[in-house]
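# Secondary and tertiary structure notes
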Amino acid sequence: MRILITGASGFIGSFIVEEALKRGFETWAAIRKSSSKVFLQDERIHFIELDFSSQERLEQQLEGHAFDYVVHAAGVTKCLDKNDFYRINTEGTQHLVNALIHLQMPLKRFVFISSLSIMGAIREQQPYEEITERDTPRPNTAYGESKLTAEKYLSTLNSQLSTFPYIILRPTGVYGPRERDYFLQVKSIQNHLDFAVGFQRQDITFVYVTDVVQAVFLAMEKGTVGRKYFLSDGEVYRSAEFSDLVHEELGRPWWIRITAPIWLLRIITWCGDYLGKKTGTMTALNNDKFNILRQRNWRCDIEPAKKELGYEPQVKLAEGVHRSIQWYKENKWL
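Read on for an overview of the structure. (Residues numbered from 1 in each chain as written. Predicted model: local features only at pLDDT ≥ 70, side-chain atom pairs only at ≥ 80, totals over all residues. Heavy atoms only, no water.)

### Considerations on the nonpolar core
Counting residues in hydrophobic clusters, the biggest one holds 65 residues, and the most contacted among them are I3, V71, L169, F217, M220 and Y311. With 9 residues, the single largest contributor to this core is helix 6 (residues 209-222). If we ignore the near neighbours within four places in the chain, the residues touching V71 are I3, L4, I5, T6, I16, V111, I113, V216 and M220. Core analysis: the next-biggest nonpolar cluster, separate from the first, contains 25 residues, V70, L107, F110 and Y166 among them. (Core = buried A, V, L, I, M, F, W, Y, C linked by side-chain atoms within 4.5 Å. Buried < 20%, exposed > 50% of the residue type's maximum accessible area, 1.4 Å probe, protein only. Helix = DSSP H or I, 4+ residues; strand = E, 2+ residues; numbered from the N terminus. Contact = heavy atoms within 4.5 Å.)

### Here's the deal with helix 11 (residues 317-330)
Counted at 1.5 Å a residue, the expected span for helix 11 with its 14 residues is 20 Å, and the 20 Å between its end C-alpha atoms agrees. Listed as buried for helix 11 are L317, G320, V321, S324, I325, W327 and Y328. One side of helix 11 carries all its buried residues, which in axial view fall inside an arc of 160°. Considering only its buried residues, helix 11 is in contact with strand 7 (173-175), helix 5 (181-190), strand 10 (206-208), strand 12 (237-238) and helix 7 (241-249). K332 occupies a position one or two residues after helix 11 and carries a positive phi of about 65°. (Expected span 1.5 Å × (residues − 1). Arc of directions from axis to C-beta.)

### Re empty space enclosed by the protein
Taken as a whole and judged by the stated rule, the model has 2 cavities of 30 Å³ or more. Within this model, the largest cavity holds a volume of roughly 50 Å³. Taken together, Y175, G176, E179, Y182, V186, F242, V246, V321, S324, I325 and Y328 make up the full set of residues lining the largest cavity. When residues of the lining of the largest cavity are traced back to their parent elements, those giving at least two are helix 5, helix 7 and helix 11. (1 Å grid on protein atoms, 1.4 Å probe; cavity = no way out; pocket = protein on both sides within 12 Å on 5 of 7 lines; lining within 4 Å. Points joined across faces, edges and corners; volume = space filled by probe spheres on them.)

Remember, this is a structural readout, not a statement about activity or role.
Structure follows, in structure tokens:
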């Protein structure tokens, strides 16, 4: 069986590559010329450069290949210009799908890694309820909107061309070794500062990277074409629990815990966006991040994934944080 994994040099993609190799797939890692191969050292990996900015270019690059499975994990989570979200996450997906269709690729499954962020801030009245597949998405970030637009494009294709075998996965916050966004919070705690936002209760969810990978291969084996599955570890956490676990794993350094009001976060993220555009440097606190941090309800219903795919999360937050911190230490990130 031949599998193509886009975004293979990235956080989630590199773990998917490792699992594909373990399962005996002929594994093709789609990268760019500038991509790092630091997590793609296995000599069994086949590399292919793909240009998602052009359907025509993709067809040229994919010509002569026949993949049984494609896992589309390529994308961006933060950009200086919000139009880049649509150019990469939306149009890049459209170009890839169109190229595969035009080349008559004999796909068994096309797995698209989307995000819980496509739903936006819904069910925010306490007591919070799980976001389900029956809820209408209302993305409140450019990232979420770009992923949702890509999902809608796939849905349109399915109604017109029922043979295109796509499945969509919508993970909540993905963390684990090699991840860089949550790592910034780890570094902040190591440097004695924990920063939280808003005084209203916040319910958050997580999913460890290997559980996302588990769901990818279950979707390839058992997923129903056209279905969309939320992914989490099945638990709900209060906003301080991640920080508390990190603090414990770091040996309880002295720290100051600051909870800022929403209006102060709005000022900080506006300044971050402004400075980012002025300097050309992406900042962690930007306008998209504002909407993510102020959202209070990140609960989601994973029962369809459990019932239809056989998905069973293996790593809860305490164990996942332990594994992540150990990796950061062993690899000199901390």
